[in-house]
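A structural walkthrough
Letter by letter, the chains look like this.
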Amino acid sequence: GSNIKLGTAGVVTATSFVGSGANLTGIDADKIQEGNSFAEILDTGSNGIFRFLPENNEVFRITHEAKVGINTNNPSHNLDISADGVAFPNAAGSTILRLRNSAGSATLSIDANAGNVSAIQFGDTAAASQGTVSYNHSSNHLQFNTSGSEKVRITSSGQVGINKTPA
């Protein structure tokens, strides 16, 4: 090799290298690492994966089946997110998925909380969760909210209440 140098902290730099590299140590062709964090390509011959492990904790994976896992090392869907999340502003649940533009002016979040309510919430940075479509498992009803309050409820028996709870 030419212009091979051993720099500070054992860093090897080179402008060109010819050879097998059999005598080089501390180099892994399948991993980029800094401290306890790394990105890695694993290939077992039939089910290779690409994964990110900040501080030695896997948080992101792409499988050979083009499935993406966030906080799961076994994604079962094209996009599989496993998380408890953090509370969406002014919401009762934990946000697991949030899509928004860079200005934060258009948001869609899918929430679930311990009260067994799943919701799609619409809002903006000035007023979160102003429009909501939610399903309440415990009372088995679908609910539509605007301006932060219930406007329409559909019960499991098909009764519809507009600006009131169905009888």
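Procedures and definitions
- Residue indices follow the written sequence of each chain, beginning from 1 at its first position.
- It should be noted that, the model being predicted, local features are given only for residues of pLDDT at least 70 and side-chain atom pairs only at 80 or more, the latter also being counted only at that level, while totals for whole chains, interfaces and linings use all residues.
- As a rule here, side-chain values come from all non-hydrogen atoms in the structure, and water together with hydrogens is ignored.
- Type-normalised accessible area, obtained with a 1.4 Å probe on protein chains alone, sets the label of each residue: buried when under 20%, exposed when over 50%, and partly exposed for intermediate values.
- In this text, helices come from DSSP runs of H or I with a minimum length of four residues, and strands from runs of E with a minimum of two, each type numbered from the N-terminal end.
- Paired strands, as defined in this entry, are two strands with at least two bridges between them according to DSSP.

**Let's talk about the pairing of strand β5 (residues 49-53)**
What you see with β5 is a clean split: Ile 49, Arg 51 and Leu 53 sit on the buried side and Phe 50 and Phe 52 on the side with no burial. By the bridge criterion, 5 bridges tie strand β4 (residues 37-42) to β5 in an arrangement that is antiparallel. When the bridges of β5 are listed, Ile 41 appears paired with Phe 50. Hairpin connection from β4 to β5: 6 residues lie between these consecutive antiparallel strands, with Gly 45 at a positive phi of about 105°.

**Some words on the pairing of strand β14 (residues 141-146)**
Across the two faces of β14 the burial differs, with His 141, Gln 143 and Asn 145 buried and Leu 142, Phe 144 and Thr 146 not buried at all. Pairing of strand β13 (residues 131-136) with β14 involves 5 bridges; the strand directions are antiparallel. Bridged to Tyr 135 within β14 is Leu 142. Linking β13 to β14, which pair antiparallel, is a turn of 4 residues; within it Asn 140 sits at a positive phi near 55°. Relative to strand β15 (residues 149-155), β14 is paired through 6 bridges, and the arrangement is antiparallel. Bridge assignment links His 141 to a residue of β15, and that residue is Thr 155. Where β14 folds back on β15, the antiparallel hairpin that results is connected by 2 residues, among which Ser 147 adopts a positive phi of roughly 50°.

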